[in-house]
Amino acid sequence: MKLLDKVLSHFQNQLPFVVYAKPNEEILHGIFQNNATLNVFENQKGFVFASFYNETNVVFPISDSEVFQEEINLEIEENPIQIESKSDENARVSFENLVRNGVSEIEKGIFEKVVLSRKIDISQPIDFIKSYQNLLKKYPTAFRYLWFHPKVGMWMGATPEQLAKIENNTFETVALAGTQVYSETVSWQEKEIVEQQLVTDYIKSRTENLVESLQISESYTQKAGNLVHLKSDISGKLKQNVSELEVINALHPTSAVCGMPLKVARNFLLENEKYNRKYYAGFLGEFQMQEQTNLFVNLRCCEIENTITTIYVGCGITKDSQANKEFIETENKAKTVLSILVAK
Ligand SMILES: C=C(O[C@@H]1C=C(C(=O)O)C=C[C@H]1O)C(=O)O
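Just so it is clear, the model here is predicted, and its values are computed rather than measured. (Residues numbered from 1 in each chain as written. Predicted model: local features only at pLDDT ≥ 70, side-chain atom pairs only at ≥ 80, totals over all residues. Heavy atoms only, no water.)

**Student:** Help me get a handle on the overall build of the chain, residues and values and all.
**Tutor:** The helix and strand inventory of the chain stands at seven helices and 18 strands. Taking 344 residues into account, the globule formula puts the C-alpha radius of gyration at 20 Å, and the chain, at 19 Å, falls close to it. Dimensions of the chain along its principal axes, counting C-alpha atoms only, are 55 × 55 × 40 Å. Buried positions account for 56% of the 344 residues belonging to the chain. Contacts in the chain between residues at least 24 apart in sequence constitute 73% of all its contacts with a sequence separation of at least 6. Here the chain displays about 15300 Å² of accessible surface, and carbon together with sulfur accounts for 46% of that area. (Helix = DSSP H or I, 4+ residues; strand = E, 2+ residues; numbered from the N terminus. Rg over C-alpha atoms; globule rule 2.2 N^0.38 Å. Buried < 20%, exposed > 50% of the residue type's maximum accessible area, 1.4 Å probe, protein only. Contact = heavy atoms within 4.5 Å. Areas by Shrake-Rupley, 256 points an atom, 1.4 Å probe, with all protein chains shown as cover.)

What follows is the structure in structure tokens.
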């Protein structure tokens, strides 16, 4: 595909770019910035790449970029050398301790829910073009992107979660939580139903005074790669004079990726996860491009460096969480990314 050739040449010239496909669309969008400036996002129209907390929020402004679209047409079947991550006993023990620690804070009444995460390092050079082709093909219902800035690095992901879509004063978001490995007969336990309801309630409380009325669907099962989640669709008409930035600030980070109440849960994870999430659980996408803002939460993603690729995964912890099950959930989420990586 022509856009992927352009990706390679932009990368060789160390210039910023992003290619992405929206859920259920087979169109590849490309935004190629024509200089290496690191533009900090304020409210410029363009493609935004925002961190979970306190890193630079980057934008590729439309005014400084070339924009392309191409139909996705990947005839060549890639034959990936799939990369197995070794089960890491130390990682298991420390994540399970982290979860137990979170549950004990919940029992003490410090917060109601916290989303805890970890990173998995793959020490092998990755062919990012072939890996991205796999990801495009394998996850047609996800938002699938490959992003690069020479001063920040390269990220790739296939996220099932919309942060916000805003167009003509209407806004849409989702409450997504609860995870199981996909099977024909999915049934949800009380723990997952409660967990997802907490996210719905949280989004409701954060957006209620920005919209004239809020519609919330019944929760339903959503497939995401090898997994399924519980999801509710939330939408509303924005009150006059409510800006896109206000909506984004009200939503990010939702309790699907941080916790509730927000600040105490965030302080806990910042102090206890013992690593920097950087852009994992941040958000990315179009900001006021063709009158539309269309943003996704940065999940099922990895950071690609010369010799190491880092996969980021997390899960929601409530009072009923069991440490070993939560660890397995992070292993399952990591497979979404692991199974498309191609070694160089
Ligand atoms: C935090 C992640 O996923 C989030 C947490 C979920 C859960 O706890 O069940 C489900 C979907 C996402 O909202 C992740 O994929 O890393």
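**Student:** Describe the pattern of salt bridges, with residues and values.
**Tutor:** Applying the stated rule across the entire model yields 16 salt bridges. In this structure, Asp121 and Lys119 form a salt bridge, with 3.9 Å as the shortest nitrogen-oxygen distance. A residue is classified by how much of its surface remains accessible, and Lys119, at 38% relative accessible area, is partly exposed. Measuring nitrogen to oxygen at the nearest pair gives 2.9 Å for the salt bridge that ties Lys191 to Glu326. (Salt bridge = Lys/Arg side-chain N within 4 Å of Asp/Glu carboxyl O.)

**Student:** Outline the UniProt feature "domain: Chorismate-utilising enzyme C-terminal" (unreviewed entry) in the chain, supporting the account with residue identities and numerical values.
**Tutor:** What UniProt calls "domain: Chorismate-utilising enzyme C-terminal" (unreviewed entry) maps, in this numbering, to residues 94–333. Taken end to end, residues 94–333 has its terminal C-alpha atoms 18 Å apart, with 30% of it in helix and 39% in strand. (UniProt positions renumbered as here; feature names shortened; annotations may be inferred.)

**Student:** Mind laying out the confidence of the model for the chain, listing which residues take part and the relevant values?
**Tutor:** When pLDDT is averaged along the chain, the result is 95, and 97% of the positions lie at 70 or above. If you check the scores for this complex, the pTM reads 0.97 and the ipTM reads 0.98. (pLDDT = per-residue confidence, 0-100.)

**Student:** Any details on the packing of aromatic side chains? Residues and values, ideally.
**Tutor:** A full pass over the atoms with the stated rule returns 21 aromatic pairs. Seen in terms of ring centroids, Tyr20 and Phe47 are 4.9 Å apart; in terms of plane orientation they differ by 40 degrees. Their pairing is tilted. One end of the pair, Tyr20, is in strand β1 (residues 17–21); the other, Phe47, is in strand β3 (residues 46–50), and 27 residues separate them in sequence. Using a relative accessible area of 0% as the deciding quantity, one classes Tyr20 as buried. Aromatic ring contacts, followed pair by pair, group Phe49, Phe60, Tyr145, Trp147, Trp155, Tyr275, Tyr279, Tyr280 and Tyr312 into a single cluster. Looking at Lys6, its charged tip hangs above the ring of Phe32, at a distance of 5.2 Å from the centre. (Phe/Tyr/Trp six-rings, centres within 6.5 Å; stacked < 30°, edge-to-face > 60°. Lys NZ or Arg CZ within 6 Å of the ring centre and 35° of its normal.)

**Student:** Describe the packing of helix α2 (residues 89–107) against helix α7 (residues 323–338), naming the residues involved and giving the relevant values.
**Tutor:** Angle between the axes and distance between the axes are the two parameters that describe a pair of packed helices. With their axes 9 Å apart at the nearest point, α2 and α7 run at an angle of 120 degrees to one another. The pairing of α2 with α7 is recorded here as oblique in orientation. In this structure, α2 crosses over α7, and the sense of that crossing is right-handed. Of the residues in α7, those in contact with Ala91, Arg92, Phe95, Glu96, Val99 and Arg100 of α2 are Ala323, Asn324, Glu326, Phe327 and Thr330. Its residues placed into classes, the contact of α2 with α7 shows five nonpolar, two polar and four charged. (Axes fitted to C-alpha atoms, helices over the stretch in contact; angles between N-to-C directions. Parallel < 35°, antiparallel > 145°, perpendicular 65-115°, else oblique. Left-handed = near helix turned anticlockwise from the far one by under 90°. Nonpolar A, V, L, I, M, F, W, Y, C, P; charged D, E, K, R; others polar.)

**Student:** Can you explain the side chain of Glu96? Please cite residues and give values.
**Tutor:** Looking at where Glu96 falls in the secondary structure, it is placed in helix α2. Exposure remark for Glu96: the relative accessible area of 7% places this residue in the buried category. When near neighbours in sequence (up to four residues on either side) are disregarded, Glu96 contacts Ala323, Asn324 and Phe327.

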